[in-house]
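# Report on the structure
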Amino acid sequence: MTISLHPSTLPAVLSPVLTPFKADGSPDAQKLLKQCQWLETNGVGQAIFGTNSEANSMSATQKMNTLTALIEGGLNPKHMMPGTGSTSIESTYRMTAHALSYQCAGVLMLPPFYYKDINDDGLFAYFSEVIQKVGSSGLQIYIYNIPPVTKINLSLSLLERLTKEYPKTVVGMKDSSGDWEYTESVIKLLAPHGFRVYAGSEVFLMRTLRAGGVGCISATANVNPQAIADLATHWRESNADERQAALDKVRSVFAKYQMIAGMKTAVAHYSNDPEWLRVRPPLMQLSAEQQAQLLSELKQINFSMPGL
């Protein structure tokens, strides 16, 4: 049985929320607030400044100012897990302390991803220094494992070491490895001690919940929030596998395209707001032909984004 030593206000499903950008390339906090509110009404928490948020195309100052605007705009920090990891301990510390000052339920922290072939001692030292600099018992860190992007593997021994040294601070992870055996091994090792494992895609949602994980932090929660949140709520019901298959079908359409540009195409279309198409270099918008093809495929599966 999973023992929850770290009660959390975070929902089972969070979205690494797409960031709308103004013409000058700065984040549009008011448009983002509206998007976050739509996700919230559909039962999805906000892991802002994640991979699909184009977080590493923004400065620490831009992200902190945007977080301030979102919370001052009425967003519930108890449902928020801002991404704060960067290659610099100082930037990570600043963003983490800022999120904590607004009482965000947790932060999602990438490992330092520039240098490769680094060992567990170096990674432990990075996380440890950030924790020491923040110096708060209220800090709740979710480690973000995404080796396809970072090219850094977070070993089970490193995770175990961090949780033993900081049991009330390193409380969970998002695993975007795409390697179910790894995800399951983390759950088996650490979930009995209260460690909260989120899968990095709703494709693994049922498997994660059945194994003792807590949910998913998924790109397509940006566009299909209610269906994903509903499965997380009703995963023990007899039609759960059927619901999972329906989620996978939507995911498979977006997976044919560059995901961020594809999801922004959908948001722009269903909200009738072409400004949502903007991405930050080096990413590029889908071509007009790709946009038309994506929207055609979504229409074929009767996809919609009600309330947007």
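For the structure given in this document, a descriptive report is provided here. Fair warning: this is a prediction, and the values are worked out from it, not measured in the lab. (Residues numbered from 1 in each chain as written. Predicted model: local features only at pLDDT ≥ 70, side-chain atom pairs only at ≥ 80, totals over all residues. Heavy atoms only, no water.)

### Re helix 12 (residues 288–300)
End to end, helix 12 covers 18 Å across 13 residues, agreeing with the expected 18 Å (1.5 Å per residue, within 8%). Taken as a whole, helix 12 has its buried residues at Gln291, Leu294, Glu297 and Leu298. For helix 12, the angular spread of the buried residues around the axis is 130°, confining them to a single face. Away from the buried face of helix 12 by more than 90 degrees, exposed residues Ala288, Glu289, Lys299 and Gln300 are located. Phi for Asn302, located one or two positions after helix 12, is positive at around 60°. (Helix = DSSP H or I, 4+ residues; strand = E, 2+ residues; numbered from the N terminus. Expected span 1.5 Å × (residues − 1). Buried < 20%, exposed > 50% of the residue type's maximum accessible area, 1.4 Å probe, protein only. Arc of directions from axis to C-beta.)

### Here's the deal with the side chain of Thr92
By the secondary structure assignment, Thr92 is in helix 3 (residues 89–101). The exposure class of Thr92 is buried, given its relative accessible area of 0%. Those residues within four positions of Thr92 in sequence are excluded, and the remaining contacts are Thr84, Gly85, Ser86, Met109, Tyr126 and Val130. (Contact = heavy atoms within 4.5 Å.)

### Description of the pairing of strand 6 (residues 196–199)
Taking every second residue as pointing to the same face, both faces of strand 6 are buried, with Arg196 and Tyr198 on one and Val197 and Ala199 on the other. Sheet topology places strand 5 (residues 170–175) next to strand 6; 4 bridges connect them, and they run parallel. Looking at the pairing, Met173 lines up with Val197 of strand 6. Once the chain exits strand 5 it traverses helix 7 (residues 180–190) before rejoining the sheet at strand 6, and the crossover so formed is right-handed. As paired elements, strand 6 and strand 7 (residues 215–217) share 2 bridges and run parallel to each other. For Tyr198, the partnering residue across the bridge sits in strand 7 and is Gly215. (Pairing = 2+ DSSP bridges. Right-handed = clockwise from strand over helix to strand, strands pointing away.)

### Focus: the packing of aromatic side chains
This model, assessed by the stated rule, comprises 7 aromatic pairs. Site record: aromatic cluster; members linked through ring pairs are Phe254, Tyr270 and Phe303. Over the aromatic face of Tyr93 sits the side chain of Lys133, whose NZ or CZ is 4.9 Å from the ring centroid. The ring of Phe124 is capped by Arg161, whose NZ or CZ atom sits 4.0 Å from the centre of that ring. (Phe/Tyr/Trp six-rings, centres within 6.5 Å; stacked < 30°, edge-to-face > 60°. Lys NZ or Arg CZ within 6 Å of the ring centre and 35° of its normal.)

### Here we look at the pairing of strand 5
Burial within strand 5 is extensive, with 6 of its 6 residues counted as buried. Strand direction decides the pairing type here: strand 4 (residues 141–145) and strand 5, joined by 5 bridges, are parallel. Bridging from a neighbouring strand, Tyr142 pairs with Gly172 of strand 5.

### Concerning unusual backbone geometry
At the junction of Pro281 and Pro282, the peptide bond is cis and its omega measures out at 15° in the coordinates. Following the sequence through the fold, Pro282 ends up in the loop between helix 11 (259–271) and helix 12. Positive phi, close to 65°, is recorded for Lys151, a residue that is not glycine. Structurally, Lys151 can be placed in the loop between helix 5 (147–150) and helix 6 (156–165). Looking at Lys151, the relative accessible area reads 55%, which means it is exposed. At Asn272, a residue that is not glycine, the phi angle is positive and equals roughly 55°.

Interpretation in functional terms is not warranted from these geometric data alone.
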